[in-house]
Amino acid sequence: MKCCDSTHCDFTQESIAGGVSRRDFMKVCSAAAVYMGLSESFGPTIAEAATTAARRPPVIWLSGQECTGCTESLLRASHPSIGTLLLDLISLDYSETLNTGAGHQAEEFRAKSIEENTGKFILVCEGSIPVKDGGIYCKVAGRTALEILKETAPKAAAVISFGSCAAWGGVPSADPNPTGATPVYKILEGTGIPVVNIPGCPPNPYNFLSTVLYYVTFKKLPELDDKLRPKFAYGRLIHENCERRPHFDAGRFAEKFGDEGHRKGYCLYKLGCKGPETYNNCSTLRFNDVGTWPVNTGHPCFGCSEEGVGFKAPLHSPAEVLYVTPPAEFVSAPPEKGKGASALAAAVGGAAVGAAAVAVGSNLGKKDQDNKEN
Ligand code: SF4
Ligand code: F3S
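Residues numbered from 1 in each chain as written. Chains lettered and ligands numbered in written order. Predicted model: local features only at pLDDT ≥ 70, side-chain atom pairs only at ≥ 80, totals over all residues. Heavy atoms only, no water.

Caption draft 1: How the structure looks around the overall build of the chain. The number of helices and strands found in the chain is 16 helices and 9 strands. Total accessible area on the chain is roughly 17,400 Å²; 55% of this is exposed by carbon and sulfur atoms. (Helix = DSSP H or I, 4+ residues; strand = E, 2+ residues; numbered from the N terminus. Areas by Shrake-Rupley, 256 points an atom, 1.4 Å probe, with all protein chains shown as cover.)

Right, dumping it as structure tokens:
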């Protein structure tokens, strides 16, 4: 039964019973439009596309080397229940975690769905793929994850690597990487199969939902960066929008867990925060609909979503600071060198001195010049 009389909405009472009202659904679609850098007015367009049953994309969800934390984070989100919403938006034809059937029955259904939806389904990969010794370290139904991925991906419309293990190798690839854990994009390199990376440990469910909503609405993938991540989610460093940033700029740091600076909410850089080299929207989007994220609980970001940082760099080593000062073009004096311009230059200079004065070794500012255009 439909939830309202709108001719543009197929959202059902069943969905509401599942925990998502039409009002909440509209709010999510409008919020997703904003996350994706679109106008809020795209909300109804996204809602209409997402609720047209004929357009529900089939999804095959494969698991490699993973802890299932990515699926858990997706299903445990709240207000509105993103899990319910997502399962209403897509046709989840196969998921080793969520299948109700098992064994031969589930495998047969997967093969049937792939056959019927070749070129149309989205393949979601959770977990890394071991390649050492022929991939024997991860098997499902007697076949290696490597074999299943290579067979399934060419038939998909697009592949989404969900979580840092699928995107970069994650925990299983930590040194000495005994199983040869490999990211999905590397296995598919050169095949021309479109791959989207949504890294994180876990990734923010809204980044996944927004990517799916974009695909359903515009029939194409969102714009990606050079690491195949949606730009709307991974276009900025965490450090750029962190609430502790004024303390960084002023040189106020926690030196130890529990010291006065830590208790006062000072910057966590010296405790190993990797926010200055990690691209993600954790500091703006936050988690679990209660506005929390690692840094506001007092823990440094450990760069869980950044290739070569999370699970690779030592936890408490200082991060490489990609920007110390604003790019020069933002602070160069305007044509009329008035009082205000001097004051601005002095203020910016002061902030830069504050940050530079506390710089730890050569990590600070190494890439300033390279990154000015960003
Ligand atoms: Fe925030 Fe970490 Fe940057 Fe400090 S170093 S401002 S805690 S992101
Ligand atoms: Fe991960 Fe850092 Fe965000 S640890 S969850 S990328 S704040």
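Caption draft 2: A look at the site of ligand 2. The full set of residues close to ligand 2 is Ile 238, Thr 278, Cys 282, Phe 287, Trp 293, Pro 294, Cys 301, Phe 302, Gly 303, Cys 304 and Ser 305. Residue composition of the shell around ligand 2, grouped by class: 8 nonpolar, 3 polar and no charged. (Near = heavy atom within 4 Å. Nonpolar A, V, L, I, M, F, W, Y, C, P; charged D, E, K, R; others polar.)

Caption draft 3: Broad picture of the packing of helix α3 (residues 43-50) against helix α10 (residues 205-218). Contact geometry for α3 and α10: axes closest at 8 Å, N-to-C directions at 80°. It follows that α3 is roughly perpendicular to α10 by the angle criterion. Together, Thr 45, Ile 46, Ala 49 and Ala 50 of α3 and Leu 213, Val 216 and Thr 217 of α10 make up the contact between the two elements. (Axes fitted to C-alpha atoms, helices over the stretch in contact; angles between N-to-C directions. Parallel < 35°, antiparallel > 145°, perpendicular 65-115°, else oblique. Contact = heavy atoms within 4.5 Å.)

Caption draft 4: Summary view of the nonpolar core. If you look at the biggest cluster of nonpolar residues, it comprises 37 residues, and the most contacted ones within it are Leu 89, Val 124, Phe 162, Phe 208 and Leu 209. Leu 123, Ala 166, Ile 193 and Val 195 belong to the second-largest nonpolar core, a separate cluster that totals 27 residues. (Core = buried A, V, L, I, M, F, W, Y, C linked by side-chain atoms within 4.5 Å. Buried < 20%, exposed > 50% of the residue type's maximum accessible area, 1.4 Å probe, protein only.)

Caption draft 5: View of the pattern of salt bridges. In the structure shown here, the tally under the stated rule is 14 salt bridges. Across the salt bridge formed by Lys 231 and Glu 223, the nearest N and O atoms sit 3.0 Å from each other. Across the pair Glu 306 and Lys 227 runs a salt bridge whose closest N-O atoms are separated by 3.2 Å. One end of the pair, Glu 306, is in the loop between α14 (282-285) and α15 (328-331); the other, Lys 227, is in the loop between α10 and α11 (231-234), with 79 residues separating them in the sequence. Each of the salt bridges in this network shares a partner with another, and the network as a whole consists of Asp 225, Lys 227, Arg 229, Glu 306 and Glu 307. (Salt bridge = Lys/Arg side-chain N within 4 Å of Asp/Glu carboxyl O.)

Caption draft 6: Quick peek at the side chain of Gln 65. Inspection of the secondary structure puts Gln 65 in the loop between β1 (58-63) and α4 (69-76). Polar contacts involving the side chain of Gln 65 include one to the side chain of Thr 179, which spans 2.8 Å. Contacts of Gln 65, omitting those with residues within four sequence positions, involve Gly 127, Ser 128, Ile 129, Pro 130, Cys 138, Cys 165, Pro 172, Thr 179 and Ala 181. (Polar contact = N/O pair within 3.5 Å; in protein donor to acceptor, adjacent residues only side chain to side chain.)

Caption draft 7: The arrangement of the pairing of strand β9 (residues 195-198) in detail. Side-chain alternation along β9 places Val 195 and Asn 197 on one buried face and Val 196 and Ile 198 on a second face that is also buried. When strand β7 (residues 158-162) meets β9, the two strands line up parallel, connected through 4 bridges. Paired with Val 159 across the two strands is Val 195, which belongs to β9. (Pairing = 2+ DSSP bridges.)

Caption draft 8: Representation of the sheet that holds strand β3 (residues 122-126) within the structure. Read from one edge to the other, the open sheet built from 5 strands follows the order β2-β1-β3-β7-β9, with strand pairing classed as parallel. In the strand order of this sheet, the two ends are held by β2 (91-95) and β9, each with one partner. Direction aside, neighbouring strands of the sheet carry axes that sit 20° apart on average. When β1 meets β2, the two strands line up parallel, connected through 4 bridges. Looking across to β2, one finds that Pro 58 is bridged to Ser 91. Packed on one face of the sheet, helix α6 (residues 103-116) meets β1 and β2 and runs near 135° to β2. Here α10 sits on the sheet in contact with β1, β3, β7 and β9, set at roughly 155° to β9.

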